[in-house]
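Listed below are the residues making up each chain.
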Amino acid sequence: MISASSTDGLVGALASDELPAPTVGDLVVQSVSDGVWRVRDGRLPEHDALCVLGVIEEAGGSFDALAVGRGLKRSTFASLDEAIPFFARQ
């Protein structure tokens, strides 16, 4: 986890659109219910709404990824593992 002082820098950078896109290693995937996962940027505090990158939902054998942020982006994948990197490319 990152310290409060480094968080201030990230939030300031985000406000000025300078925070680089997260890498796959920065992503944190958390189950929120059966077949639904929240994907967040682990570089930001969990209580910060800006950390939420989107959700993945299992539906009919596929995994729908919905990225939020600068507009909505959606894509479908064959597995959860294939869906996760979608959020690093946003």
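A brief structural summary. These numbers come from a predicted model, not from an experiment. (Residues numbered from 1 in each chain as written. Predicted model: local features only at pLDDT ≥ 70, side-chain atom pairs only at ≥ 80, totals over all residues. Heavy atoms only, no water.)

Details of the packing of aromatic side chains
To keep it simple, the criterion reads: Two rings from Phe, Tyr or Trp (for Trp, the six-membered ring) form a pair when their centres are within 6.5 Å of each other. A pair whose planes differ by under 30 degrees is stacked, one over 60 is edge-to-face, and the rest are tilted. The helix and strand labels rest on DSSP assignments: H or I over at least four residues marks a helix, E over at least two residues marks a strand, and numbering proceeds from the N terminus. Three exposure classes are used, based on accessible area relative to the maximum for each residue type with a 1.4 Å probe and protein chains only: buried under 20%, partly exposed in between, and exposed over 50%.
A full pass over the atoms with the stated rule returns three aromatic pairs. Seen in terms of ring centroids, Trp37 and Phe63 are 6.0 Å apart; in terms of plane orientation they differ by 40 degrees. Their pairing is tilted. Residue Trp37 is located in strand β2 (residues 36-41), and its partner Phe63 is located in strand β4 (residues 62-67); the two are separated by 26 residues in the primary sequence. By relative accessible area, which is 15% here, Trp37 ends up buried. On the basis of relative accessibility, which here comes to 10%, the residue Phe63 falls in the buried class. Seen from their ring centres, Phe86 and Phe87 are 5.4 Å apart, and the 80 degrees between their planes marks the pair as edge-to-face. On the basis of relative accessible area, Phe86 is assigned to the buried category, the value being 9%. Each residue in the set Phe77, Phe86 and Phe87 is aromatic and connected to the rest through ring pairs, giving one cluster.

A look at the side chain of Asp64
Quick reminder of the rule: Identification of polar contacts relies on pairs of N or O atoms within 3.5 Å, with a donor-acceptor requirement for protein atoms, meaning one able to donate a hydrogen and the other able to accept it, and with residues adjacent in sequence counted only if both atoms are side-chain atoms. Only heavy atoms enter the contact rule, under which two residues are in contact if any of them lie within 4.5 Å.
Tracing the backbone through its elements, the reader meets Asp64 in strand β4. A polar contact of 2.8 Å, which involves the side chain of Asp64, links it to the side chain of Thr76. Filtering out sequence-adjacent residues up to four positions away, Asp64 remains in contact with Val55, Ile56, Glu57, Ala59, Arg74, Ser75 and Thr76.

Remarks on a nonpolar patch on the surface
What counts is decided by this rule: Note that patches include only residues with greater than 30% relative accessible area and no salt bridge, and the join distances are 9 Å for like charges and 5 Å for nonpolar side chains (Val, Leu, Ile, Met, Phe, Trp, Tyr). Accessible surface is estimated by sampling points in the Shrake-Rupley manner with a 1.4 Å probe; for residues, cover comes only from the protein chains shown. The term salt bridge refers to a side-chain nitrogen of Lys or Arg lying within 4 Å of a carboxyl oxygen of Asp or Glu.
A contiguous nonpolar surface patch, about 320 Å² in accessible area, is contributed by Val55, Leu66, Val68 and Leu72. Along the chain, Leu66 turns up in strand β4.

Observations concerning the nonpolar core
Stated precisely, the cut-off is as follows: Residues grouped as a nonpolar core are buried Ala, Val, Leu, Ile, Met, Phe, Trp, Tyr and Cys residues, joined through side-chain atoms within 4.5 Å.
Judged by nonpolar contacts, the single largest core of 15 residues is most densely connected at Leu27, Ile56, Ala65 and Phe87. Looking at this core element by element, the count peaks at three residues for β4. Non-local contacts of Leu27, meaning those with residues more than four positions away in its chain, are made with Pro22, Val39, Arg40, Leu53, Ile84, Phe87 and Ala88.

Quick word on the environment of Phe86
Among the structural elements, Phe86 can be located in the segment after α2 (80-83). Along the chain, Phe86 and Thr76 lie ten residues apart, while their C-alpha atoms are 9.7 Å from each other. Apart from residues lying up to four places away in sequence, Phe86 is in contact with Ala65, Ala67, Lys73, Arg74, Ser75 and Phe77.

Here's the deal with the pairing of strand β3 (residues 52-59)
Here is the rule: If DSSP finds at least two bridges between two strands, the strands pair.
Here β2 runs beside β3; their pairing, made up of five bridges, is antiparallel. The residue bridging Val36 from the neighbouring strand is Glu57, located in β3. The hairpin formed by β3 and β4 contains two residues between the paired strands, and Gly60 there has a positive phi angle of roughly 60 degrees.

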